[in-house]
Amino acid sequence: MIVVLIGPPASGKGTQAGAICQRFGIPQISTGDMLRAAKAAGTPLGLAAARVMDLGQLVPDEVVIGLVDERIKHVDCQPGFLLDGFPRTVPQAEALERVLVRAGRKLDAVVQLDVPRALLVERAILRRTDKRTGKIYHLKYNPPPADAVLEHRADDQEAQVNKRLDAYEDITSALLPFYQGRGLLRRVEGVGSLDEVRARVVAALDA
Ligand code: AMP
């Protein structure tokens, strides 16, 4: 199964992606996580991307396309994979199609997590990641355990969150008609408890 998960920043993509991957036994490919890992490792790519990411802007298409093209060749992607945060532009979606055609594969579904903008800012500002486990928490709705080592993403500050939401509305939302036209889009209501949303995502994929 090859799935794309689309949603605005803080819509729950990362959390839901983990649950879907567990259920279907496929790896989660998050371009945001890959870029943050490159930044933490201090690679030239990571450092260049970090400047753009910290401003809440999109990294150039060719950078993320290269990362994904390389990653999906790994053996663990043979049963399928879930793309979380990629594609984010129409040229990225077109590149993904070309890469999959070359590999003799095809996309099975695109899940869109729909959450109103008003909720997203609060979600992002109070979001924290446990550095040791990579698990994502929310200080109000999904509090972390006492021993968590918490990190607040640089791009989860209010000004950057608003820029990222603008980028989603101006650029990434063009993917919805793109995938609708290909009969792949499945819209899922992203407001509710983690379990409720997870059940909706799984139902959309089982359908
Ligand atoms: P995410 O963790 O998916 O919210 O991504 C964090 C940041 O990484 C984004 O705000 C972008 O700066 C960058 N990024 C991640 N994926 C992409 C992508 N597909 N295209 C461009 N930039 C990306």
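Sequence order as written defines the numbering, with residues in each chain counted from 1. In view of the model being predicted, local features appear only for residues whose pLDDT reaches at least 70, and side-chain atom pairs are presented and counted only at 80 or more, with totals across whole chains, interfaces and linings using the full set of residues. As a convention, hydrogens and water are excluded, and side-chain values are obtained from all of the structure's heavy atoms.

Undergrad: Got a minute to help me understand helix 6 (residues 117-125) in this structure?
TA: Residues that lie three or four places apart on an α-helix share one face, since the helix turns once every 3.6 residues. Here helix 6 has its buried residues at Leu-120, Val-121, Arg-123 and Ala-124. For helix 6, the buried positions fall inside an angular range of 165 degrees around the axis, keeping them on one side. Against the buried residues of helix 6 lie strand 5 (127-130), strand 6 (136-138) and helix 7 (158-170). Relative accessible area decides the class of each residue, using a 1.4 Å probe on protein chains only: under 20% of the type maximum gives buried, over 50% gives exposed, and in between gives partly exposed. Only DSSP runs of H or I covering at least 4 residues are called helices, and only runs of E covering at least 2 are called strands; the numbering of each starts at the N terminus. The directions from the helix axis to the C-beta atoms are what the arc is built from. Between two residues, a contact is recorded if the distance between any of their heavy atoms is within 4.5 Å.

Undergrad: In this structure, what is going on with the environment of Ile-65? I would like to understand it.
TA: Its place among the elements puts Ile-65 in helix 4 (residues 61-71). Contact partners of Ile-65, with chain neighbours within four places excluded, come to Phe-86, Pro-91, Gln-92 and Ala-95.

Undergrad: Sorry if this is basic, but what is going on with the side chain of Asp-84 here?
TA: Residue placement: Asp-84 occurs in strand 3 (residues 81-84). Of the buried charged residues, Asp-84 lacks a salt bridge, with Lys-13 as the closest side chain of opposite charge at 4.9 Å. Two N or O atoms count as a polar contact when they lie within 3.5 Å, although within protein this holds only if one can serve as hydrogen donor and the other as acceptor, and sequence-adjacent residues are included solely when both atoms are side-chain atoms. At 3.0 Å, the side chain of Asp-84 forms a polar contact with the side chain of Gln-28. Once residues within four sequence positions are removed from consideration, Asp-84 is found in contact with Leu-5, Lys-13, Gly-14, Ala-17, Gln-28, Ile-29, Ser-30 and Thr-31. Residues counted as positive are Lys and Arg, residues counted as negative are Asp and Glu, and His and the chain ends are not counted. Definition used for salt bridges: Asp or Glu carboxyl oxygen within 4 Å of a side-chain nitrogen of Lys or Arg.

Undergrad: Would you explain the packing of helix 4 against helix 5 (residues 90-102) in this entry?
TA: Geometry of a packed helix pair, given as the angle between the helix axes and the separation of the axes. Running from amino to carboxyl end, helix 4 crosses helix 5 at an angle of 25 degrees, the nearest separation of the two axes being 10 Å. On the basis of their axis angle, the class for helix 4 and helix 5 is roughly parallel. Viewed along their axes, helix 4 and helix 5 form a crossing whose handedness is right-handed. For the pair helix 4 and helix 5, the contacting residues are Asp-61, Val-64, Ile-65 and Asp-69 in the first and Pro-91, Gln-92, Ala-95, Val-99 and Arg-102 in the second. Residue type decides the class: Asp, Glu, Lys and Arg count as charged, Ala, Val, Leu, Ile, Met, Phe, Trp, Tyr, Cys and Pro as nonpolar, and the leftover types, Gly among them, as polar. Looking at side-chain class alone, the contact of helix 4 with helix 5 contains five nonpolar, one polar and three charged residues. Axes here mean lines fitted to C-alpha atoms, for a helix over just the part in contact, with angles spanning 0 to 180 degrees between N-to-C directions. When an angle is under 35 degrees it counts as roughly parallel; over 145 it counts as roughly antiparallel; between 65 and 115 it counts as roughly perpendicular; any other value is oblique. Less than a right angle of anticlockwise turn of the near helix away from the far helix marks a crossing as left-handed, whereas a clockwise turn marks it as right-handed.

Undergrad: Before we go on, may I ask you to explain the nonpolar core in this structure?
TA: The nonpolar side chains of a soluble globular protein tend to be buried with one another. Counting 32 residues, the largest nonpolar core has Ile-6, Ile-72, Phe-81, Leu-83, Leu-107, Val-110 and Tyr-179 as its most contacted members. If one sorts the elements of this core by residue count, helix 5 sits on top with five residues. Once residues lying within four places of it in the same chain are set aside, the contact partners of Phe-81 are Met-1, Ile-2, Val-3, Ile-26, Pro-27, Ile-29, Ile-72, Leu-100 and Arg-105. By nonpolar core is meant a set of buried Ala, Val, Leu, Ile, Met, Phe, Trp, Tyr and Cys residues that side-chain atoms within 4.5 Å join together. Grouped together as the second largest cluster of nonpolar side chains are 15 residues, Ala-17, Val-111, Val-197 and Leu-205 included.

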